[in-house]
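Each chain, letter by letter, is given below.
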Amino acid sequence: MNDSKKDQNFEINKVINQPYKYGFQTEIETEEFPSGINEDIIKLISLKKKEPNFLLNFRLKAYKKWKTMSAPEWANLTINPINYNDIIYYSIPKKKEKLSSLEEVDPEILKTFEKLGISLNEQKQLTNVAIDAVFDSVSIVTTFKEKLAKYGVIFCSISDAIKYYPILIKKYLGSVISSGDNFFAALNSSVFSDGSFCYIPQNVICPLELSTYFRINDKDAGQFERTLIIAEKNSSINYLEGCTAPQFSENQLHAAIVELIAFQNAKIKYSTVQNWYSGNNLGIGGIYNFVTKRGLCIGKNSHISWTQVETGSSITWKYPSCILLGEKSYGEFYSVALTNNFQQADTGTKMIHLGEKTKSKIISKGISCGQSKNCYRGLVKIASSAKFARNFSQCDSFLIGSTSIAATYPYLDINNSTGIIEHEAKISKVTEDQLFYLMQRGINVEQAVSLLISGFCKDVFTMLPMEFAAEADKLLALKLENTVG
Amino acid sequence: MKNTILDIQNLEVFIDNKKIIKNLNLTIKENEIHVIMGPNGCGKSTFSKILAGHPSYTVSKGNILFFSKNLLNLSPEQRSHEGLFLAFQYPVEISGVTNYDFLRLAYNEKQKYLKKKEVTPLEFMELIEIHLNQLKIPSEFLNRDLNQGFSGGEKKRNEILQMLLLQPNLIILDELDSGLDMDAIKIICETIMKNFSSKTSIIVITHYPKILNYLTPDYIHIMREGKIIKTGYIDLIEILEKDGYEKFVE
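Residues numbered from 1 in each chain as written. Chains lettered and ligands numbered in written order. Predicted model: local features only at pLDDT ≥ 70, side-chain atom pairs only at ≥ 80, totals over all residues.

### Thoughts on the overall build of chain B
Moving on, step 1. The helix and strand tally for chain B stands at 7 helices and 10 strands.
Moving on, step 2. By the compact-globule yardstick of 18 Å for 250 residues, chain B fits well, its C-alpha radius of gyration being 18 Å.
Moving on, step 3. Looking at chain B as a whole, 40% of its 250 residues are labelled buried.
Moving on, step 4. A separation of at least 24 residues holds for 72% of the contacts in chain B among residues at least 6 apart in sequence. (Helix = DSSP H or I, 4+ residues; strand = E, 2+ residues; numbered from the N terminus. Rg over C-alpha atoms; globule rule 2.2 N^0.38 Å. Buried ≥ 20, exposed ≤ 12 C-beta atoms within 10 Å, placed from the backbone. Contact = placed C-beta atoms within 7 Å.)

So this is what it looks like as structure tokens:
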């Protein structure tokens, strides 16, 4: 390789190796449980949260199940052994029992969210987005509750939901992802500390976009939150989720659950921009992100759409899925996963067609740089009952440099002959010719790479809500551009 | 006296330890059209990429002055901003990036470099319309992905559209005629000549003399094995057409 070529490769490396902007830690006093997991800890969590008995039983049942399970090994991931007894399962900022207004929130925490670009002050918010802010194990504040209540929309922390809407919780919690669904789901079901809850009544188009912002602050605490969204007949909701964490040299565990339920003609659109700390350029530190997300299209013509932009985490293990039970129900999955340095992502979706004339669409874009590993893993299952089902899948990979790995594992399980399944896949690289062409037109290498990547991701970015599309673009630019910050 | 735009002295270039340009000298003054001809593999397309700063080539000897600047010290994008334009033989296709976004970015980057005001999307639309009309390109063209699925003729037109937009001083046309029918060659060459000002110069790289019916060259250079072996006027073409390149081998 000659010098100028080396220079150019060096340039590209500089472009994709941006420091993590959200790596600061907030100094606050916390109330923590001792590390480790056992029945006593679980009982303590439940007691602390003043939970009804059914929930404690739900937790204990999940824990029993979890003890018999082992971590899944089928993913294309190399994971350092996790000692589940070293993890703190409950860590909350030390403060008053109940936060009734923003003034009671620790100013340090408010500042943290301000720094992250999330204003929890309703007056200061520019966009029409209601936010549930989760800091380590607890929901700090939920904005615009009153405004939403006028429409009958319930938006609160899951802890509040357990307290105030136990009937809904008893009926739906764990109804899409059972407490023993998989190793990480079982772990979450036994120790989950908080999360968001959202209920959209019949015939209501939710007037605001709802969002949860997850922040891990504590070095030794795991974050185990769960989200439950129920959209009744003819309702519609747009949900956004964002996540960041400080920079530590240890790995933190994040094992979340998101359950969605859509009734007849209801539509749930769930978008995530995940930017957990991904570890340093030697692969040290970063979040282990093991998430189970699943939506149930229970009603006729119901519609669930997942969009995710995954740029952070040291390890991502995540397959937002749809169970298409209702006739003509529709599931979508749009994903951009960017991995750099030693990040590993094994992500994709499952589309389970059970009802007649159900449809699903999968668009996955994986971008790998550095020594990272980026795998798409997806299942399209068409049950014998799912007559005339349709699926379209497109899985594209984009390689930057020559040391990263991209892989695609599409699984098909087709049990009747009336369906139509289409699958497209392609692998592209940033070619020297493309860069040279753009540079000849006066576009520098950072912008050229950024342009090629945003072009590659366009199909997915157009699916994001406006506010998020801009954020995602910024996030990728931050990871990709030298000039920002 | 006319100013010198490009002055190449004693150029020697390697790729992968192989010498591909040897002792090349060339001086181009403003308002001149130079044609570089030669058999396949003689190094003429390589020469165009070297001028534009392709990273695969290593210049081991010689100097290139572009106006008064040392071209070899400039990055590819700086060369572009300074007024060097290469119309590619095979323009690359880039999916997901619209022609419009690409053109506006390229234009604004140059504006920034020249410390001029960047244009808004609306201002840019007005600006680009004029060039589109000149090249008889419909405006839907802007909404398509950059060169993606373009026919050979459309790609070449798009190159010239970029040329009109960026208003370079030194234009290198690398095999402009490949993949074009006669009508398209005519429109494109007429557009180039209409915009050929006293401040610009053109290097035409071709192995097909037909294009020279539309572009009136000042000098013809014959290149072989990385070297200019003969320089003359338009009458060289006649000899070439009769006897081929063999005639010029010493």
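### Regarding the overall build of chain A
Moving on, step 1. The helix and strand tally for chain A stands at 11 helices and 22 strands.
Moving on, step 2. A separation of at least 24 residues holds for 83% of the contacts in chain A among residues at least 6 apart in sequence.

### Some details on the interface of chain A and chain B
Moving on, step 1. Residue-level contacts link 21 residues of chain A with 23 residues of chain B.
Moving on, step 2. Mapped by element, the contributors of at least two residues to the side of chain A that touches chain B are helix 1 (3-16), helix 9 (432-440) and helix 10 (445-461) of chain A.
Moving on, step 3. Looking at the side of chain A that touches chain B, the element that brings in the most residues is helix 9 of chain A, giving 7 residues.
Moving on, step 4. A class-by-class count of the residues in the side of chain A that touches chain B yields 7 nonpolar, 8 polar and 6 charged. (Nonpolar A, V, L, I, M, F, W, Y, C, P; charged D, E, K, R; others polar.)

### Considerations on the environment of Pro 34 of chain A
Moving on, step 1. Along the chain, Pro 34 of chain A falls in the loop between strand 1 (30-32) and helix 2 (39-48).
Moving on, step 2. Here the alpha-carbon distance between Pro 34 of chain A and Tyr 89 of chain A, two residues 55 residues apart in the chain, equals 8.1 Å.

### Some words on helix 8 (residues 183-191) of chain A
Residue and element names in this part refer to chain A.
Moving on, step 1. Counting buried positions along helix 8 yields 8 of 9 residues, so the element is predominantly enclosed.
Moving on, step 2. Here helix 8 has its buried residues at Phe 184, Ala 185, Ala 186, Leu 187, Asn 188, Ser 189, Ser 190 and Val 191.
Moving on, step 3. At its buried positions, helix 8 is contacted by helix 2, helix 3 (53-67), strand 8 (226-231), strand 10 (251-262) and strand 12 (286-297).

### Section: the confidence of the model for chain A
Residues and elements named next belong to chain A.
Moving on, step 1. For chain A, per-residue confidence averages 84 on the pLDDT scale, and residues scoring 70 or more make up 82% of the total.
Moving on, step 2. Helix 1 is the least confidently modelled element of chain A, averaging 48 in pLDDT, while strand 15 (residues 321-324) averages 98, the highest of any element.
Moving on, step 3. This stretch, residues 1-10, has a pLDDT under 50; its non-local contacts, to residues over four places away or in other chains, come to 9 contacts.
Moving on, step 4. Confidence over residues 481-485 falls short of pLDDT 50; this stretch has 11 contacts with residues more than four positions distant or in other chains. (pLDDT = per-residue confidence, 0-100.)

### Considering the sheet that holds strand 6 (residues 84-87) of chain B
Residue and element names in this part refer to chain B.
Moving on, step 1. The strand order 6-7-8-3-9-10 describes an open sheet built from 6 strands, whose pairing is mixed. Only two strands of the sheet have a single partner each, and these edge strands are strand 6 and strand 10 (227-232). Sheet twist, expressed as the mean angle between neighbouring strand axes with direction ignored, is 20°.
Moving on, step 2. As defined by bridge partners, strand 9 (residues 219-224) adjoins strand 10 across 5 bridges and the pair is classed as antiparallel. (Pairing = 2+ DSSP bridges. Axes fitted to C-alpha atoms, helices over the stretch in contact; angles between N-to-C directions.)

### A few points about the sheet that holds strand 4 (residues 58-66) of chain B
Residues and elements named next belong to chain B.
Moving on, step 1. Judged by pairing direction, the sheet is antiparallel, and its 4 strands sit side by side in the order 2-1-4-5 without closing on themselves. Edge strands, defined here as strands with exactly one partner in the open sheet, are strand 2 (18-29) and strand 5 (69-70).
Moving on, step 2. In this sheet, strand 2 lies alongside strand 1 (residues 4-15) in antiparallel orientation, the contact comprising 8 bridges. Residue Thr 4 lies in a different strand from strand 2, and its bridge partner there is Lys 29.

### As for the environment of Tyr 164 of chain A
Moving on, step 1. Here Tyr 164 of chain A lies in helix 6 (residues 158-164).
Moving on, step 2. For Tyr 164 of chain A and Lys 150 of chain A, which are 14 residues apart along the polypeptide, the C-alpha to C-alpha distance reads 17 Å.

### Observations concerning unusual backbone geometry
Residues and elements named next belong to chain B.
Moving on, step 1. Here the phi dihedral of Asn 17 falls at roughly 65°; this positive angle occurs in a residue that is not glycine.
Moving on, step 2. Inspection of the secondary structure puts Asn 17 in the loop between strand 1 and strand 2.
Moving on, step 3. You will see that Asn 23, though not glycine, has its phi angle at about 40°, which is positive.
Moving on, step 4. For Asn 23, the location among the structural elements is in strand 2.
Moving on, step 5. Residue class for Asn 23 comes out partly exposed when judged on the 14 C-beta atoms lying within 10 Å of it.

### A few points about helix 6 (residues 182-194) of chain B
All names here are of chain B.
Moving on, step 1. Compared with the 18 Å implied by 1.5 Å per residue over 13 residues, the 18 Å span of helix 6 between its first and last C-alpha is a close match.
Moving on, step 2. Listed in full, the buried residues belonging to helix 6 are Ile 185, Ile 188, Cys 189 and Ile 192. Along helix 6, the residues classed as buried sweep out an arc of 95° about the axis, all on the same side. Within helix 6, the exposed residues directed more than 90 degrees away from the buried face are Asp 183 and Lys 194.
Moving on, step 3. Structurally, helix 6 contributes buried residues whose contacts are with helix 5 (152-166). (Expected span 1.5 Å × (residues − 1). Arc of directions from axis to C-beta.)

### What about the nonpolar core?
Moving on, step 1. Ala 231 and Ile 268 of chain A together with Ala 87 and Ile 172 of chain B are the most contacted members of the largest nonpolar core, which has 178 residues in total.
Moving on, step 2. Per element, the largest residue contribution to this core is 10 residues, and it comes from helix 10 of chain A.
Moving on, step 3. Setting aside residues up to four positions removed in sequence, Ala 87 of chain B forms contacts with Glu 159, Ile 160, Met 163, Ile 171, Ile 172, Leu 173, Asp 174 and Leu 176 of chain B.
Moving on, step 4. Within the second largest apolar cluster, 6 residues are counted, among which are Ile 131, Val 134, Phe 135 and Phe 214 of chain A. (Core = buried A, V, L, I, M, F, W, Y, C linked by C-beta atoms within 7 Å.)

### Quick notes on the pairing of strand 16 (residues 330-339) of chain A
Residue and element names in this part refer to chain A.
Moving on, step 1. A large share of strand 16 lies buried, amounting to 10 of its 10 residues.
Moving on, step 2. Side chains Tyr 330, Glu 332, Tyr 334, Val 336 and Leu 338 of strand 16 all project onto a buried face; the interleaved residues Gly 331, Phe 333, Ser 335, Ala 337 and Thr 339 project onto the opposite face, where all are buried too.
Moving on, step 3. Relative to strand 16, strand 13 (residues 303-310) runs parallel, the two sharing 8 bridges. Considered in strand 16, the bridge of Glu 310 is made with Ala 337.
Moving on, step 4. Where strand 16 and strand 18 (residues 359-368) come together, 10 bridges link them in parallel fashion. Across the sheet, residue Leu 338 finds its bridge partner in strand 18, namely Ile 367.

### Some thoughts on the packing of helix 3 of chain A against helix 8 of chain A
Residues and elements named next belong to chain A.
Moving on, step 1. Relative to each other, helix 3 and helix 8 sit at 145°, their axes nearing to 7 Å. Note on packing geometry: the crossing formed by helix 3 with helix 8 is left-handed. Contacts from Phe 58, Arg 59, Ala 62, Tyr 63, Lys 65 and Trp 66 in helix 3 reach Phe 183, Ala 186, Leu 187, Ser 189 and Ser 190 in helix 8. (Left-handed = near helix turned anticlockwise from the far one by under 90°.)

### Regarding the packing of helix 4 (residues 121-134) of chain B against helix 5 of chain B
Helix-helix packing is characterised by the crossing angle of the two axes and by the distance between the axes.
All names here are of chain B.
Moving on, step 1. Interaxial distance between helix 4 and helix 5 falls to 10 Å at its minimum, and their mutual angle equals 135°. When the axis of helix 4 is compared with that of helix 5, the two are oblique. Regarding helix 4 and helix 5, the two cross each other, and that crossing is right-handed. Where helix 4 abuts helix 5, its residues Ile 128, His 131 and Gln 134 lie against Leu 161, Leu 164 and Leu 165.
Moving on, step 2. Along the lines of polarity and charge, the residues of the contact of helix 4 with helix 5 split into 4 nonpolar, 2 polar and no charged. (Parallel < 35°, antiparallel > 145°, perpendicular 65-115°, else oblique.)

### Notes on the environment of Glu 225 of chain A
Residues and elements named next belong to chain A.
Moving on, step 1. Within the secondary structure layout, Glu 225 lies in the loop between strand 7 (209-215) and strand 8.
Moving on, step 2. Given 27 C-beta atoms within 10 Å, Glu 225 falls into the buried group.
Moving on, step 3. Separated by 227 residues in the primary sequence, Glu 225 and Leu 452 place their C-alpha atoms 36 Å from one another.
Moving on, step 4. Contact partners of Glu 225, with chain neighbours within four places excluded, come to Val 134, Phe 192, Ser 193, Asp 194, Gly 195, Phe 214 and Ala 256.

### Comments concerning the confidence of the model for chain B
Moving on, step 1. On average, residues of chain B score 91 in pLDDT, and 100% of them are at 70 or above.
Moving on, step 2. Both scores are available for the predicted complex, with the pTM at 0.81 and the ipTM at 0.96.

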